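# Working through the structure, step by step
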Amino acid sequence: MSAYRTHMTIIGDILSTTRDEMEAEHGASVTFLIRKANVSHVRISKILINLVSQGLLEQVDSKGACKYKISTSGREFLVAYHTFRQFADNFGLTI
Amino acid sequence: MEFLFENILNLIGFVVGLAIGLMSYIGFKNTGSPTLFRLTLAFLSISVGFFIVWSGYMAEDFVIQTGQIERWVQTLGIAVQTVGYFFIAFSHSIKSFFPKSRYFRSVGILPLFLVSIVHIEHIFRSVSFILLVYASIETILSYIEGKKKGTIFVATGLALLAFGEFLGWYSFVFPESILYYVSILIKIAGLISLFIPVSKIPLTRIKFDREI
């Protein structure tokens, strides 16, 4: 059975996917993110809108398709996320 | 001697609580995580609680000089610490253990009236002990799942704080005994154990939120 993922963990997974698995100039499609982050289309759409409005992801238009790539703020957020995930792990908690 | 031990314990408690509380707050400001917010409340409360008791001892030592700390100051400090322990336990989903039926809820309130004549400080100490044991067990369970070294330090720290609190009860029964000093030393060891894994978190790589 897979472990329960918090909202924050899902955001971390989405940002990690856009950072690690895509070339900087292209960006990730929604379908790719759904597959990699294992989130439903309805849920990921809301999260992506939120992440773009927060400035953590950038929306890029690639050959008519809407794609997403991680911003500088997103990279900084990911560093903080990984650090404080380790911090919370020490207390046996999930952020 | 008692004042010296109490001062050391309360100062270490204040510093450790403040350090972990501030680190949690930085984490909350950078990630917006509710877990880190609860940890912030928990450790800042613990820090403030220790500070209140320390202030009480200092005021007694330098100003009042009656030979004993003001009872209400000690009770207030312990109550604030209990709030902190509650938030740690709450972070481990203590909610799921609350009785759901109306009958149990009403019975749950009854003992508060029955024991109201007992010194309120002892009630807070008892609640702290239960919360610390709960949080310690939950943290040990997390360690069994994740096998992360830092988790076992925190679990040990919480367990030592609980054991120190437990031994502290004996000092009410046998005042002036060595158990009192042993309980303080165990609590100090617990606080240090809590701080060890947190001190290894590499905060230097983080670009802090400008609003902090």
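Residues numbered from 1 in each chain as written. Chains lettered and ligands numbered in written order. Predicted model: local features only at pLDDT ≥ 70, side-chain atom pairs only at ≥ 80, totals over all residues. Heavy atoms only, no water.

## Description of the overall build of chain A
When helices and strands are tallied, chain A shows four helices and three strands. Ordered by position from N to C terminus, the α and β elements of chain A give α-β-α-α-β-β-α. Taken against the 2.2 N^0.38 rule, which gives 12 Å for 95 residues, the C-alpha radius of gyration of chain A at 13 Å falls within 12% of a compact globule. Of the contacts formed within chain A by residues at least 6 apart in sequence, a portion of 52% connects residues at least 24 apart. Approximately 5100 Å² of chain A is accessible, and the part contributed by carbon and sulfur atoms is 50%. A gap of 6 Å separates the mean positions of the 11 positive and 9 negative side-chain charges of chain A. (Helix = DSSP H or I, 4+ residues; strand = E, 2+ residues; numbered from the N terminus. Rg over C-alpha atoms; globule rule 2.2 N^0.38 Å. Contact = heavy atoms within 4.5 Å. Areas by Shrake-Rupley, 256 points an atom, 1.4 Å probe, with all protein chains shown as cover. Lys, Arg positive; Asp, Glu negative; His and termini not counted. Charge placed at Lys NZ, Arg CZ, Asp CG, Glu CD.)

## Focus on the pattern of salt bridges
Overall, the coordinates contain four salt bridges over all chains when judged by the stated rule. With a shortest N-O distance of 2.7 Å, Arg19 of chain A and Asp20 of chain A are connected by a salt bridge. In this structure Arg19 of chain A comes out as partly exposed when scored by relative accessible area, which is 28%. Residue Asp20 of chain A is classed as partly exposed on the basis of its relative accessible area, which comes to 49%. Between Glu165 of chain B and Arg125 of chain B there is a salt bridge, and its shortest N-O distance comes to 2.7 Å. Separated by 40 residues along the polypeptide, Glu165 of chain B in helix α6 (residues 149-173) and Arg125 of chain B in helix α5 (residues 120-146) bring together distant segments of the chain. (Salt bridge = Lys/Arg side-chain N within 4 Å of Asp/Glu carboxyl O. Buried < 20%, exposed > 50% of the residue type's maximum accessible area, 1.4 Å probe, protein only.)

## Concerning the interface of chain A and chain B
Tallying the contact residues gives 17 residues for chain A and 29 residues for chain B. Overall, the association of chain A and chain B removes approximately 2000 Å² of surface from exposure, summing both partners, and the carbon and sulfur fraction of that is 73%. Linking chain A to chain B there are one salt bridge. Here chain A is connected to chain B by five residue pairs in polar contact (both at pLDDT 80 or more). Per-element tally for the side of chain A that touches chain B: the top contributor is helix α4 (residues 72-90) of chain A, with eleven residues. In terms of residue class, the side of chain A that touches chain B is built from ten nonpolar, five polar and two charged. (Buried area = accessible area lost by both parts, 1.4 Å probe. Polar contact = N/O pair within 3.5 Å; in protein donor to acceptor, adjacent residues only side chain to side chain. Nonpolar A, V, L, I, M, F, W, Y, C, P; charged D, E, K, R; others polar.)

## Observations regarding unusual backbone geometry
Residue and element names in this part refer to chain A. In this structure, Asn38 takes a positive phi of about 55° despite not being glycine. Residue placement: Asn38 occurs in the loop between α2 (30-37) and α3 (41-53). You can call Asn38 exposed: its relative accessible area is 63%.

## Considering the nonpolar core
Residues Ile14, Leu15, Phe87 and Phe91 of chain A together with Phe43 of chain B are the most contacted members of the largest nonpolar core, which totals 64 residues. Apart from residues no more than four positions distant in its own chain, Ile14 of chain A is found in contact with Leu33, Ala37, Ile44, Ile47, Leu48, Leu51 and Leu57 of chain A. (Core = buried A, V, L, I, M, F, W, Y, C linked by side-chain atoms within 4.5 Å.)

## Things to note about the environment of Ile140 of chain B
As for its position among the elements, Ile140 of chain B is in helix α5. For the pair Ile140 of chain B and Tyr180 of chain B, spaced 40 residues apart in the sequence, the C-alpha separation amounts to 27 Å.

## Re a nonpolar patch on the surface
A surface patch of nonpolar side chains, amounting to about 350 Å² of accessible area, comprises Ile137, Ile140, Leu141 and Ile144 of chain B. The class for Ile140 of chain B is partly exposed, based on a relative accessible area of 35%. (Patch = residues over 30% accessible without salt bridge, like charges linked within 9 Å, V, L, I, M, F, W, Y side chains within 5 Å.)

## Some points on the side chain of Ser45 of chain B
For Ser45 of chain B, the location among the structural elements is in helix α2 (residues 34-64). Discounting chain neighbours no more than four positions away, the residues touching Ser45 of chain B are Val80, Gln81, Val83 and Gly84 of chain B.

## Describing the confidence of the model for chain B
The predicted coordinates ought not to be read in detail in places where the model reports low pLDDT. Residue and element names in this part refer to chain B. In this model, chain B carries a mean pLDDT of 81, and residues with pLDDT of at least 70 account for 83%. Here residues 94-117 scores under 50 on pLDDT; set against residues more than four positions off or in separate chains, the count is ten contacts. At the level of chain-chain contacts, confidence expressed as ipTM amounts to 0.81, with global pTM at 0.80. (pLDDT = per-residue confidence, 0-100.)

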